[in-house]
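Structure assessment
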Amino acid sequence: MEWTCRVVDLAEYADEAVDVQAGAFGLADEEIAVRQRIMRRHATFAGVRSLGAFDTGGRLVGFGYGYPNLTDQWWSLVIEPHLARAGHRAWLEESFVVGELHVLPRWQGHGIGRTLITLLCRGQDRSHILLSAIDEPTPARRLYHGLGFRDLARPVLFPGNDRPYAVMGAILPFT
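Read on for an overview of the structure.

About the criteria used
Residues numbered from 1 in each chain as written. Predicted model: local features only at pLDDT ≥ 70, side-chain atom pairs only at ≥ 80, totals over all residues. Heavy atoms only, no water. Helix = DSSP H or I, 4+ residues; strand = E, 2+ residues; numbered from the N terminus. Rg over C-alpha atoms; globule rule 2.2 N^0.38 Å. Buried < 20%, exposed > 50% of the residue type's maximum accessible area, 1.4 Å probe, protein only. Contact = heavy atoms within 4.5 Å. Areas by Shrake-Rupley, 256 points an atom, 1.4 Å probe, with all protein chains shown as cover. Lys, Arg positive; Asp, Glu negative; His and termini not counted. Charge placed at Lys NZ, Arg CZ, Asp CG, Glu CD. Core = buried A, V, L, I, M, F, W, Y, C linked by side-chain atoms within 4.5 Å. Phe/Tyr/Trp six-rings, centres within 6.5 Å; stacked < 30°, edge-to-face > 60°. Polar contact = N/O pair within 3.5 Å; in protein donor to acceptor, adjacent residues only side chain to side chain. Pairing = 2+ DSSP bridges. Axes fitted to C-alpha atoms, helices over the stretch in contact; angles between N-to-C directions. Salt bridge = Lys/Arg side-chain N within 4 Å of Asp/Glu carboxyl O.

With that settled, the discussion passes to the overall build of the protein chain. When helices and strands are tallied, the protein chain shows 5 helices and 7 strands. Traced from its N-terminal end to its C-terminal end, the protein chain shows the element sequence β-α-α-β-β-α-β-α-β-α-β-β. For the protein chain, the C-alpha radius of gyration of 15 Å lies close to 16 Å, the compact-globule estimate for 175 residues. The C-alpha extent of the protein chain, read off along each of the three principal axes, is 45 × 40 × 35 Å. The buried share among the 175 residues of the protein chain stands at 46%. Summarising the internal contacts of the protein chain: among those between residues at least 6 apart in sequence, 68% fall at separations of at least 24. Accessible area for the protein chain stands at about 8,800 Å²; split by element, carbon and sulfur atoms hold 52% of it. Across the protein chain, the 18 positively charged side chains and the 20 negatively charged ones have centroids separated by 5 Å.

Right, dumping it as structure tokens:
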């Protein structure tokens, strides 16, 4: 399966990106519009980076984006007490956050996720990277562990979601 990766405008690709996320993550219809709004808001953050992986026909098959952590934003406010309890509160400072990283199931296992996260984090002026992932033995968690991520806090329950998550972190640059 052939694909290419390039920088994309997050606001411009929000609808397509959420379609990929829905296919990879199993989003319900009512959550799709919420995720599109969140993505468009994240597109306005200073330092946001977004990448898309495209098949030979130009269809988005994977995407990822991130931004320098903002300690006053919802995600940071939710995870902060969990990180503090685990002795990792300092990770919120000087970190780059992977907001989303998803690959359509049919395209998983072809190096797209690894390429996206590696390119997102390349050249960062931040010393750490943070993300949250469903706290289950998924291919995504295996990918993150393989890149040097470790679990910093788990289980973390986000408001409105019953699935437990793990907050994971790695030192940049990846080795």
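The structure having been displayed, the exposition proceeds.
To continue, consider the environment of Val167. Summarising the element assignment, Val167 is placed in strand E7 (residues 165-171). A sequence separation of 125 residues divides Val167 from His42, and the C-alpha atoms of the two residues are 19 Å apart. With sequence-adjacent residues up to four places away left out, Val167 is seen in contact with Ile79, Leu83, Leu130, Leu131, Ser132, Arg150, Asp151, Leu152, Ala153 and Val156.

Counting 58 residues, the largest nonpolar core has Ile117, Ile129, Tyr144 and Phe149 as the members making the most contacts within it. In terms of residues, this core owes the most to one element, helix H1 (residues 10-25), which gives 7 residues. When neighbours within four sequence positions are excluded, Ile129 is seen to be in contact with Trp91, Phe96, Val98, Ile117, Cys121, Phe149, Met168, Gly169, Ala170, Leu172 and Phe174.

What follows covers the packing of aromatic side chains. Under the criterion given, the structure shown has 6 aromatic pairs. Seen from their ring centres, Trp74 and Phe158 are 5.6 Å apart, and the 35° between their planes marks the pair as tilted. Of this pair, Trp74 sits in helix H3 (residues 74-85) while Phe158 is found in the loop between strand E6 (150-156) and E7, placing the two residues 84 residues apart along the sequence. Take Trp74: its relative accessible area is 47%, and that puts it in the partly exposed class. On the basis of an interplanar angle of 55° and a centroid distance of 5.6 Å, the ring pair of Tyr144 and Phe149 is categorised as tilted.

With that out of the way, let us pick up the side chain of His102. Summarising the element assignment, His102 is placed in strand E4 (residues 95-103). A distance of 3.4 Å separates the side chain of His102 from the side chain of Gln21, its partner in a polar contact. Sequence-distant contacts of His102, defined by excluding residues within four places in its chain, comprise Val20, Gln21, Ala24, Phe25, Gly62 and Phe63.

The next point concerns the sheet that holds E6. With mixed pairing, the 7 strands of this open sheet are ordered in space as E1-E2-E3-E4-E5-E7-E6. Every other strand in the sheet has two partners, leaving strand E1 (3-7) and E6 as the edge strands with one partner each. Each strand of the sheet is rotated relative to its neighbour by a mean of 20°, with strand direction disregarded. Across 7 bridges, the pairing between strand E5 (residues 128-134) and E7 is antiparallel. The residue bridging Leu130 from the neighbouring strand is Gly169, located in E7. Lying over the sheet, H3 contacts E4, E5, E6 and E7, oriented at roughly 100° with respect to E6.

Take the environment of Tyr13 next. For Tyr13, the position within the fold is in helix H1. Between the alpha carbons of Tyr13 and Thr71 there is a distance of 26 Å; along the sequence they are 58 residues apart. Look past the residues within four positions of Tyr13 in its chain and what remains in contact with it is Arg6, Val8 and Phe54.

This part is about the pattern of salt bridges. Here the idea is simple: oppositely charged side chains can pair when their charged atoms come close. All chains considered together, the criterion is met by 11 salt bridges. When the shortest N-O distance is used, the salt bridge between Glu93 and Arg89 registers 3.1 Å. Residue class for Glu93 comes out partly exposed when judged on its relative accessible area of 41%. By sharing partners, the salt bridges in this structure join Asp135, Arg141, Asp151 and Arg154 into a single network.

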